[in-house]
Amino acid sequence: MEARKRHILMADLVASNEQDSNQLMADFQVLVSYTNKIYSESIESPLTIAPGDEFQGIVSSALTGIDIILAMEEYILEEEFDFKLRYVLYEGLVETAINPEVAQEILGSGLINARKRLNEMKKDTCRFYISTKSSTELNKMMRVTQHFIDGWHPKDRSTVSGFLQGHDYKALAKIHQKDESTLWRRRKSLAIDEYLLCKDLIHHLVNG
């Protein structure tokens, strides 16, 4: 088969050796299964967990890859999973046929370079790396996005998740049985609108 460029998505667990391994892997599997189901029409080879607490897969486009990354981050918040991921979205050569059932035994320089970059990220605090069109600008925006995500305290996860699911402050006030003005202030202090603006700008960069 002739080698062709594909969008490779890889991720690994950050500091996974510090967590309860059974619960960690159970939650990790739930996250990956959920993502494969929701994005089944946009994933060419499903996200597949491999030894070393990581997954890899082939997605249809850079935009799909970024949407998946942010959707996974938001699902981690929603389910209050106690872990973080490092992600690499890399556009590179794949030399083997794409298996629509499982992303294993995939060969090519794209896979090699993606995994190399994922390993290099262990020396840094940045959890996102995009290698595709507009990479420089995208990585800057992803770093800003990480600032918001990592800045949300665990106690605020349900509130953040509620806002990201589209609830306004009045609806969340009823859900959390709190004063409406308190939830209005929380939306401001949690920088929900700024996070959503970052997502819009990231989409614009990819589509531009």
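These figures come from a predicted structure and were not determined experimentally.

## Re the packing of aromatic side chains
Two descriptors summarise a pair of aromatic rings, namely the distance from one centre to the other and the angle between the planes of the rings.
Step number 1: Under the criterion given, the structure shown has 7 aromatic pairs.
Step number 2: On the numbers, 3.8 Å between centres and 5 degrees between planes, the contact of Tyr 34 with Tyr 75 is stacked. Of this pair, Tyr 34 sits in helix α1 (residues 21-38) while Tyr 75 sits in helix α2 (residues 62-79), and the two are 41 residues apart along the sequence.
Step number 3: On the basis of relative accessibility, which here comes to 31%, the residue Tyr 34 falls in the partly exposed class.
Step number 4: Among the residues examined, Tyr 75 registers a relative accessible area of 11% and is labelled buried.
Step number 5: Between Trp 152 and Tyr 195, the aromatic rings sit 5.2 Å apart at their centres with planes inclined by 70 degrees, giving edge-to-face as the arrangement. Remark: Tyr 195 occurs in helix α8 (residues 192-207) and Trp 152 occurs in the loop between α4 (135-151) and α5 (157-164); sequence separation between them is 43 residues.

## Brief notes about the packing of α2 against α5
Step number 1: In the contact formed by α2 and α5, the axes pass within 8 Å of each other and the chain directions differ by 130 degrees. By the criterion of interaxial angle, the relationship of α2 to α5 is oblique. Viewed along their axes, α2 and α5 form a crossing whose handedness is left-handed. Each of Glu 74, Leu 77 and Glu 78 in α2 lies in contact with α5, whose residues at this interface are Arg 157, Val 160, Ser 161 and Leu 164.
Step number 2: When the residues that make up the contact of α2 with α5 are grouped by side-chain class, the tally is 3 nonpolar, 1 polar and 3 charged.

## Quick word on the packing of α2 against α8
Step number 1: For the pair α2 and α8, the least separation of the axes is 9 Å and the interaxial angle reads 165 degrees. Overall, the two elements α2 and α8 adopt an arrangement that is roughly antiparallel. Read as a crossing pair, α2 and α8 show a hand that is right-handed. Touching Ala 62, Leu 63, Ile 66, Asp 67, Leu 70 and Glu 74 of α2 are Tyr 195, Lys 199, Ile 202, His 203, Val 206 and Asn 207, all from α8.

## Let's talk about the layout of surface pockets
Step number 1: Taken as a whole, the second largest pocket holds about 170 Å³ of empty space.
Step number 2: Surrounding the second largest pocket, Tyr 34, Ile 38, Tyr 39, Ala 71, Glu 74, Tyr 75, Leu 77, Glu 78, Ser 161, Leu 164 and Gln 165 form its lining.
Step number 3: Listed by contribution, the elements that provide at least two residues to the lining of the second largest pocket are α1, α2 and α5.
Step number 4: Considering every element that reaches the lining of the second largest pocket, the biggest residue donor is α2, with 5 residues.
Step number 5: The residue makeup of the lining of the second largest pocket, split by class, is 7 nonpolar, 2 polar and 2 charged.

How each quantity is defined
Residues numbered from 1 in each chain as written. Predicted model: local features only at pLDDT ≥ 70, side-chain atom pairs only at ≥ 80, totals over all residues. Heavy atoms only, no water. Phe/Tyr/Trp six-rings, centres within 6.5 Å; stacked < 30°, edge-to-face > 60°. Helix = DSSP H or I, 4+ residues; strand = E, 2+ residues; numbered from the N terminus. Buried < 20%, exposed > 50% of the residue type's maximum accessible area, 1.4 Å probe, protein only. Axes fitted to C-alpha atoms, helices over the stretch in contact; angles between N-to-C directions. Parallel < 35°, antiparallel > 145°, perpendicular 65-115°, else oblique. Left-handed = near helix turned anticlockwise from the far one by under 90°. Contact = heavy atoms within 4.5 Å. Nonpolar A, V, L, I, M, F, W, Y, C, P; charged D, E, K, R; others polar. 1 Å grid on protein atoms, 1.4 Å probe; cavity = no way out; pocket = protein on both sides within 12 Å on 5 of 7 lines; lining within 4 Å. Points joined across faces, edges and corners; volume = space filled by probe spheres on them.

Any link to function would need more than the numbers given here.
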